Amino acid sequence: MAQFSVVGQRLPMVDAREKVTGAGVYTDDLVLPGMLVGRILHSPHPHARIHSIDATKAAALPGIVAVITGKDFPNRYGILPIGHDETALAVEKARYVGDNVAAVAAVSDQAAVQALDLIEVDYELLPAFFDPNETMKAESNWIHDDKPHNIEKEYHHHFGNVEEGFAQADAIREDHFFCPGVTHVAMEPHSTLAHVEDNGRLIVWSSTQVPYYLQRTLSNVLGLPMDRVRVIKPLVGGGFGGKSEVIPLEVIAACLARAAGRPVKITYTRDEVFYAHRGRPVQVIDLKMGVRRDGKITAVEARIVQDGGAYCGYGPVTLLYSGALLGAMYDIRNMKFDGYRVLTNRPACGAMRGHGTVNTRFAFESQLDMLAHAVGIDPVEIREVNLLKPPCITVNQLRVTSYGYPECLRQVKAKSGWKEKKGKLPFGKGVGVAGSHYVSGAANAIVRSGTPHTTIDIKANPDGTVTIFTGASEIGQGSDTMQVQLVAEELCLHPRRVKLVAADTDRTPVDLGSYSSRVTFMAGNACLQAARNLKSTIFSVVARRWNVSPDQLEMRDERVVLCDDSGWSMSFEEAAKCAIDHLGEVVATGSYSPPQEAQGGKFRGAGVGPSPAYSYSAQVAEVTVDTETGQVTVDRITVAHDCGRALNLMAVEGQVQGSVWMGLGQAVQEEMIWSQGLLMNPSMLEYKSASTLESPEIDTIIVESVDPEGPLGAKEAGEGSLAAIIPAVANAIYDAVGVRLTSTPFTPEKILKALREQQKKVAQRNGGSER
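Since the structure is predicted, the reported quantities are computational estimates derived from the model, not experimental observations.

Criteria and thresholds
Residues numbered from 1 in each chain as written. Predicted model: local features only at pLDDT ≥ 70, side-chain atom pairs only at ≥ 80, totals over all residues. Heavy atoms only, no water. Helix = DSSP H or I, 4+ residues; strand = E, 2+ residues; numbered from the N terminus. Expected span 1.5 Å × (residues − 1). Buried < 20%, exposed > 50% of the residue type's maximum accessible area, 1.4 Å probe, protein only. Polar contact = N/O pair within 3.5 Å; in protein donor to acceptor, adjacent residues only side chain to side chain. Core = buried A, V, L, I, M, F, W, Y, C linked by side-chain atoms within 4.5 Å. Domains from an automatic or database assignment. Contact = heavy atoms within 4.5 Å. Pairing = 2+ DSSP bridges. Axes fitted to C-alpha atoms, helices over the stretch in contact; angles between N-to-C directions. Phe/Tyr/Trp six-rings, centres within 6.5 Å; stacked < 30°, edge-to-face > 60°. Lys NZ or Arg CZ within 6 Å of the ring centre and 35° of its normal. Parallel < 35°, antiparallel > 145°, perpendicular 65-115°, else oblique. Left-handed = near helix turned anticlockwise from the far one by under 90°. Nonpolar A, V, L, I, M, F, W, Y, C, P; charged D, E, K, R; others polar. Salt bridge = Lys/Arg side-chain N within 4 Å of Asp/Glu carboxyl O. Buried area = accessible area lost by both parts, 1.4 Å probe.

1. With respect to helix α16 (residues 649-668)
Between its terminal C-alpha atoms α16 stretches 29 Å, which fits the 28 Å expected from 20 residues at 1.5 Å a residue. Within α16, 14 of the 20 residues are buried, leaving the element largely enclosed by the surrounding structure. Looking at where α16 begins, the residue whose side-chain oxygen comes 3.2 Å from the main-chain nitrogen of Met650 is Asn648.

2. Observations concerning the nonpolar core
Among the nonpolar cores identified, the biggest contains 116 residues, and Leu287, Phe364, Tyr405, Val623, Val729, Ile733 and Phe746 are the most heavily contacted of them. Counting residues per element, this core draws most heavily on helix α18 (residues 722-737), which supplies twelve residues. Two domains share this core, each providing at least three of its residues, namely domain 1 (27-126 + 187-238 + 243-276) and domain 2 (282-444 + 600-760). Not counting residues up to four positions away in its chain, the partners in contact with Phe746 are Phe362, Val632, Ala667, Val668, Ile726, Val729, Ala730, Ile733, Leu741 and Ile751. Within the second largest apolar cluster, 43 residues are counted, among which are Ala531, Met555, Val586 and Ala613.

3. Describing the sheet that holds strand β25 (residues 586-592)
In spatial order, the strands read β21-β20-β19-β25; together these four strands make up an open sheet with mixed pairing. Sheet topology places β21 (498-502) and β25 at the edges, where each strand pairs with a single neighbour. Put simply, the sheet's adjacent strands are angled 20 degrees from each other on average, direction ignored. Of the strand pairs in this sheet, strand β19 (residues 454-460) and strand β20 (residues 466-470) are connected by five bridges, and their pairing is antiparallel.

4. Section: the packing of aromatic side chains
In total, this model carries 17 aromatic pairs according to the counting rule given. These aromatic residues form a ring-pair network of at least three members: Tyr330, Phe364, Tyr403, Tyr405 and Tyr616. The positively charged end of Arg518 is found above the aromatic ring belonging to Tyr515, 5.9 Å away from the centroid. Geometry around Tyr734 places Arg740 over its ring, the cationic atom sitting 3.8 Å from the centre.

5. Remarks on unusual backbone geometry
Cis geometry is adopted by the peptide bond preceding Pro391, which originates at Pro390 and carries an omega value of -5 degrees. By secondary structure assignment, the location of Pro391 is in the loop between α10 (379-385) and β16 (392-393). Cis geometry is adopted by the peptide bond preceding Pro745, which originates at Thr744 and carries an omega value of -10 degrees. Mapped onto the elements of the fold, Pro745 is located in the loop between α18 and α19 (748-765). Backbone geometry places Ser517, a non-glycine residue, at a positive phi of 50 degrees.

6. With respect to helix α15 (residues 572-583)
Here α15 spans 16 Å end to end across twelve residues, near enough to the 16 Å set by a 1.5 Å rise per residue. Looking only at α15, the buried set comprises Phe572, Ala575, Ala576, Cys578, Ala579 and Ile580. After α15 finishes, the residue Gly584 shows a positive phi value of roughly 85 degrees.

7. Digging into the packing of helix α13 (residues 479-491) against helix α14 (residues 519-546)
Running from N to C, α13 and α14 cross one another at 30 degrees; their axes reach a closest spacing of 9 Å. When the axes of α13 and α14 are compared, the pair comes out roughly parallel. Our pair here, α13 against α14, has a crossing hand that is right-handed. Packed against α13, whose contacting residues are Ser479, Met482, Gln483, Leu486, Val487, Glu490 and Leu491, the element α14 presents Val519, Thr520, Ala523, Gly524, Cys527, Leu528, Ala531, Arg532, Leu534 and Lys535 at the interface. Of the residues that constitute the contact of α13 with α14, the class distribution is ten nonpolar, four polar and three charged.

8. What about the pattern of salt bridges?
Evaluated as defined, the whole model comprises 37 salt bridges. A salt bridge links Arg740 to Asp369; the shortest N-O distance between them is 2.8 Å. With a gap of 371 residues between them, Arg740 in the loop between α18 and α19 and Asp369 in helix α9 (residues 358-375) connect regions that are remote in the sequence. Put simply, Glu558 and Arg497 hold a salt bridge, and the shortest N to O gap is 3.0 Å. Placement of the pair is Glu558 in the loop between β22 (553-556) and β23 (559-562) and Arg497 in the loop between α13 and β21, with a sequence separation of 61 residues. On the basis of relative accessible area, Glu558 is assigned to the buried category, the value being 12%. Residue class for Arg497 comes out partly exposed when judged on its relative accessible area of 22%. Salt bridges linked by common partners bring Arg201, Arg230, Asp504 and Asp506 together as one network.

9. Points about the domain arrangement of the chain
According to the domain assignment, the chain consists of domain 1 (27-126 + 187-238 + 243-276), domain 2 (282-444 + 600-760) and domain 3 (451-592). Spacing between the C-alpha centres of domain 1 and domain 3 amounts to 39 Å. Counting residues at the interface gives 16 residues for domain 1, matched by 14 residues for domain 3. Summing the contributions of domain 1 and of domain 3, the shared interface buries around 1200 Å²; its carbon and sulfur component is 52%. The largest contributions to the domain 1 side of the interface with domain 3 come from Gln209, Tyr212 and Lys233, which together make up 40% of the buried area. Scanning the region where domain 1 abuts domain 3 turns up three salt bridges. Scanning the region where domain 1 abuts domain 3 turns up eight residue pairs in polar contact (both at pLDDT 80 or more). Those elements that place two or more of their residues in the side of domain 1 that touches domain 3 are α5 (211-222) and β11 (229-232). A class-by-class count of the residues in the side of domain 1 that touches domain 3 yields eight nonpolar, five polar and three charged.

10. Section: the pairing of β23
Bridge analysis of β22 against β23 gives four bridges, and the strand direction is antiparallel. Directly across from Arg556, in β23, lies its bridge partner Arg559. Taken together, β22 and the strand that follows it, β23, pair antiparallel across an intervening segment of two residues, in which Asp557 is found at a positive phi of about 50 degrees. In terms of strand pairing, β23 meets strand β24 (residues 569-571) through three bridges, oriented antiparallel. Within the sheet, the bridge partner assigned to Val560 lies in β24 and is Met570.

11. Overview of the environment of Thr537
With respect to the helices and strands, the residue Thr537 is situated in helix α14. When its relative accessible area of 25% is taken as the criterion, Thr537 is described as partly exposed. With 42 residues separating them in the primary sequence, Thr537 and Ala579 have C-alpha atoms 7.7 Å apart. Among residues more than four places away in sequence, those in contact with Thr537 are Leu583 and Val586.

12. Section: the sheet that holds β24
Overall, antiparallel pairing links the three strands, which are arranged β22-β23-β24 in an open sheet. Strands with a single pairing partner mark the edges of an open sheet, and in this sheet they are β22 and β24. Going from strand to strand, the sheet's axes swing by 25 degrees on average, the running direction of each strand aside. Together, β22, β23 and β24 form the strand contacts of α14, whose direction differs from that of β22 by roughly 120 degrees.

13. A closer look at the packing of α16 against α18
It is the contact of α16 with α18, at a shortest axis distance of 7 Å, that shows an interaxial angle of 40 degrees. It follows that α16 is oblique to α18 by the angle criterion. As for the relative orientation of α16 and α18, their crossing is right-handed in sense. Here Ser659, Val660, Met662, Gly663, Leu664, Gln666, Ala667 and Val668 of α16 lie close against α18, whose contacting residues are Leu722, Ile725, Ile726 and Val729. Across the contact of α16 with α18, the residue classes tally to nine nonpolar, three polar and no charged.

The structure is reproduced here in structure tokens:
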């Protein structure tokens, strides 16, 4: 390979961005002449009819340039075509504490805050719904009139025959699991700057993961043609799914800019970030599983109720992932899923790292551990008994190609000292194992049939550099670096010769966004195709000059070389100039769409879950439980992640460790605490997101299964390892002190309660009393 080969090395993040307005700063740092401050009036009530809004006093306040309400911009929108139930500002009803009722644009933040206090809203309070199981029983006052009983969506899938499967089982468990909501806590709050040019064209800078979807939504809400809306994604200070759908302030800033005729910027306060939410939903899981004596799973049945909040958002997708990805992990022939996405008077929930799968995987891997103990099989072994045999199609029509999970299990078992520790450590110390997986992008997307999921353009420049034009959104995960690496690798160039223009809807082709771990697989494949097409174009010109066939040429060490003993070669710079002189502009395009065979079944809801490839992770957690205080300390985590092929070892290890650390927060300390629609912990001080000081040693192992369709064999690396840590810790707690926890987080209070209940049972069995 060329001396400039960069794949598989430990490379730092590169900054190859071409410097354009907003490209190298965060949205909140941007300033435009005449820029106004935008502020939003939020509902203080969880469910209320709006009879009138009087903004006369606010509009008359000095420094106020514009005041808008829902009736000014009534067009509905939503990230899913089946879920257009949001408006820029509330029309007729407020549906959660924090819902957006009115907005102002002012010359100063002080004036904007004063104006909000002067807006008079006449509310009629309505019954509010908070419990996801109880809200389904409502006969009137539904949150949305067109959603009877407050059910957003429900799905019922049955594959194989679960009744026969359970009849074949030697051990069956039925358990109830509960997971409260958690949220992203990205360091950068959401921020949007909108500007309407003199010709009426809208330009928006926003901390978004989905520039194309934002452009489409703004076009719809404002009634503008798509080419009259430009979206630029500046630097993004963390997303984790929280910026992967259109957030209300993005729409409101654009509406205010149009009303004011001046640039308007809105940056959420931290309280507003928490109430905007779109994080992991409250989820209630009733799970039933049967196994034979040898550990083989015979049937799985899941009933899942998700508290979706007040609006649809990604709702049906979130719900369907929780059921669909029961498959593609183990060989399960009989599976049943009943899922309910329920509306409540809380902020809408949506995508968060490991979208839709995390809570279900906690339940599944915990129950599998219980069944392993019930039939007397080692927890690692019961997972090995149920491995898939790829390439294969699962019972719910998911295609699995590369499958490094067996190797992940083998590696963590050996590296963690599992055999020496499981069931053999002193009381209060224990180890637990679990597995997880995730998609490498969704095989089906919210686009018309036949449209590529990603398109990349690459331009050759006279100075011997090339420029990538990509719509993919760098949000800290390393997508810019990945694309530069792949193009440099294919063209045998040093990465410093590769420039990049990203996520500007005027200058870059369509990419559907950074979500569902799709960018490496999809944009990566498109980059390779574009680079190969560029190379072919340049080779055709050089071949004519040398009077040889293009097939006789190759790239070596930044040179075009004739593959014979002649010694003929030409620098890439000279070859690029030659092609430009002959053809004018030299630009090549590459695109990617998942193959038809990866797109799943034809049943209702089948579009969610299929992926061109799946990543796999196995983890062993080692914990210490203080039986006096109930405090659990995670001492060490051993994680093996199958990423297909590590294009950049440093980036892959960082993504895996970040996933594990984020999942650990949900396992031991994170939860959103609600009371009558009010969030009790809407700050980074109270929410208790884990800090680096609380992170244990994370021993990271990279497994390379080399996916046959991934870019140079690569697939997902940023989400698949999150889900396994939660059940691994739960299983380790059981190994340490013999108690099972079926709700997150695993707080000292829950552990002490479980220990006391355990002591009562022991005392009753022994015929004594608890002292």
